[in-house]
Amino acid sequence: MYRLMMSLSLIFIAAVTLISNSTSSLAQKKRAGSGSHTSRTRAMLSPEARQMVEFASAAVCKERTEDPSGSVPIDEMQSRPSLPVRSPEALAGAERAQRLLPIAKSLVVASLRQLSSDYYFRNSKTYDARIQRAIAHVEMVRNIRADMGSRDNASVFLKNPHTIVFGTIFLAGLRSDEGIISVLAHELVHIADGSEDSLRLLFREVGDRASRLMGMKIYGQRAEELTCDLVGTLAARSYVTTAPSYESLPRRIARSLEHNCVELDEGDDDHLSPRNTIRALLALNPMLSRELVYGH
């Protein structure tokens, strides 16, 4: 379940420590292939790299305040009254999500395949069977359902793996295609994992690397949620490439992260805090950080 939390206290990021020197690719977890495992070779994150993460994080939230299509932060969403399913804002959001669902599915499948290369799982027969099963789960998703009670959350239920449920406040607060695609992709990864834990190794690998980078414990459900977010950023970034517009690159890619630009910042046992989620995703994806800061 993709549950976004409101925080009670402002948390500053812990010292960022170790990073893999083996790849410059987007870090998400678990595929098996040729070459040495990424978690075996790590170097210290340089002060410049740490600074880049902070600059890029600030750029995301600055873009949000200046973008008419910027996402509403989740703590602000939580302060708003529930919207009826038939409200204009909820209807428009649900229609956008339904329209973008086939695109998001394709982008998630491509991202999962790419990660099998990035994390050197390509030659694993066991992994190949798991990834094929995960992709089959993604392909089965057909429907978006708006739900007033879900408010600022999106979720999936494995007993009904054909549907993604969006809270009406969330549908209204995600004002862009990029924002919706990032959340669709997040939920599709949960469905891909399924009851068989098909993506368990990927979750573990992303959590391991993020733990080293962030100096935090990112295991179990936290690792799964962060991996789903990471696929969300990859899918949204790919969408920007395949659907060009006259808007700036930083503005468009920032939209996949803007709902985490909260004032009150707190995580729980299953989730990093929203702002630490931004930082972790940018630390895992140095190229995205550079694009946000330099615009290319």
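So, how was this worked out
- Starting from 1, residues in each chain are numbered consecutively following that chain's sequence as written.
- Only residues with pLDDT of at least 70 are given local features in this predicted model, and only at 80 or more are side-chain atom pairs given and counted; all residues enter the totals for whole chains, interfaces and linings.
- Heavy atoms from the whole structure form the basis of all side-chain values; hydrogens and water molecules are not counted.
- Simply put, an axis is a line fit to the C-alpha atoms, just over the touching stretch for a helix, and the angle between two N-to-C directions goes from 0 to 180 degrees.
- Each helix is a run of DSSP H or I of at least 4 residues and each strand a run of E of at least 2, with the numbering of both proceeding from the N terminus.
- Each angle is binned into one of four classes, with values under 35 degrees roughly parallel, values over 145 roughly antiparallel, values of 65 to 115 roughly perpendicular, and all other values oblique.
- In this description, contact between two residues means that some pair of their heavy atoms is separated by no more than 4.5 Å.
- Gly counts as polar in this scheme, as do all residues outside two lists: the nonpolar Ala, Val, Leu, Ile, Met, Phe, Trp, Tyr, Cys and Pro, and the charged Asp, Glu, Lys and Arg.
- Confidence scores here are pLDDT values: one per residue, from the predictor, ranging 0 to 100.
- For salt bridges, the criterion is a side-chain nitrogen of Lys or Arg within 4 Å of an Asp or Glu carboxyl oxygen.
- Remark: exposure states derive from per-residue accessible area (1.4 Å probe, protein chains only) relative to the maximum for the residue type, with buried under 20%, exposed over 50%, and partly exposed in between.
- Two cysteine sulfur atoms form a disulfide, by the criterion used here, when they sit within 2.5 Å.
- One less than the residue count of a helix, multiplied by 1.5 Å, gives the span that helix is expected to have.
- We treat two strands as partners when DSSP finds at least two bridges between them.

## Topic: the packing of helix H3 (residues 88–118) against helix H4 (residues 125–139)
Here's step 1: At their nearest, the axes of H3 and H4 sit 10 Å apart, and the two run at 170 degrees to each other. Our classification of the angle between H3 and H4 gives roughly antiparallel. Contacts from Lys 105, Val 108, Val 109, Leu 112, Arg 113 and Ser 116 of H3 reach H4 at Tyr 127, Ile 131, Gln 132, Ile 135, Val 138 and Glu 139.
Here's step 2: Taken together, the residues of the contact of H3 with H4 sort by class into seven nonpolar, two polar and three charged.

## Quick notes on the confidence of the model for the protein
Here's step 1: Of the residues in the protein, 83% have a pLDDT of 70 or more, and the chain-wide mean is 85.
Here's step 2: Mean pLDDT across the secondary structure elements of the protein bottoms out at strand S1 (residues 18–20), with 34, and peaks at helix H9 (residues 249–254), with 98.

## Some thoughts on the pattern of salt bridges
Here's step 1: Within this structure, the stated rule accounts for 13 salt bridges.
Here's step 2: Notably, a salt bridge pairs Glu 63 with Arg 251, separated by 3.0 Å at the nearest N-O pair. Taken together, the positions of Glu 63 in helix H1 (residues 47–66) and Arg 251 in helix H9 put the pair 188 residues apart, joining distant regions of the chain. Note on accessibility: Glu 63 and Arg 251 belong to one class, buried.

## Quick notes on the state of the cysteines
Here's step 1: In the structure shown here, the tally under the stated rule is one disulfide.
Here's step 2: Here Cys 61 is linked by a disulfide to Cys 261, with a sulfur-sulfur distance of 2.1 Å. Around the S-S axis, the bridge from Cys 61 to Cys 261 shows a dihedral of about -90 degrees and counts as left-handed. Taken together, the residues Cys 61 in helix H1 and Cys 261 in the loop between H9 and helix H10 (274–284) connect sequence positions 200 residues apart.
Here's step 3: For Cys 61, a relative accessible area of 12% puts it in the buried group.
Here's step 4: Overall, the relative accessible area of 5% leaves Cys 261 in the buried class.

## As for the side chain of Arg 252
Here's step 1: Structurally, Arg 252 is set in helix H9.
Here's step 2: Residues in contact with Arg 252, not counting those within four places in the same chain, are Glu 178, Tyr 239, Val 240, Ala 243, Pro 244, Ser 245 and Glu 247.

## Some details on H1
Side chains three or four residues apart in an α-helix point the same way, a direct result of the helix having 3.6 residues per turn.
Here's step 1: Here H1 contains 20 residues, and its C-alpha end-to-end distance of 29 Å stays within 8% of the 28 Å for a straight helix at 1.5 Å per residue.
Here's step 2: Buried residues of H1: Met 52, Val 53, Ala 56, Ser 57, Ala 59, Val 60, Cys 61 and Glu 63, and no others.
Here's step 3: Where H1 is buried, its residues meet H9, H10 and helix H11 (286–294).

## Brief notes about the sheet that holds strand S3 (residues 143–147)
Here's step 1: If you trace the three strands from one edge of the open sheet to the other, you get S3-S5-S4, paired in mixed fashion. Pairing within the sheet leaves two strands with one partner each, and these edge strands are S3 and strand S4 (154–157). Across this sheet, the average inter-strand angle for adjacent strands is 30 degrees, counted without regard to direction.
Here's step 2: For S3 and strand S5 (residues 160–167), the ladder comprises five bridges, and the chain directions are parallel. Residue Arg 145 lies in a different strand from S5, and its bridge partner there is Val 165.
Here's step 3: Sheet contacts for H3: S3 and S5; angle to S3, the most-contacted strand, approximately 160 degrees.
Here's step 4: Against the sheet, helix H6 (residues 177–193) makes contact with S3, S4 and S5, and its axis sits at roughly 145 degrees relative to S5, the strand it touches most.

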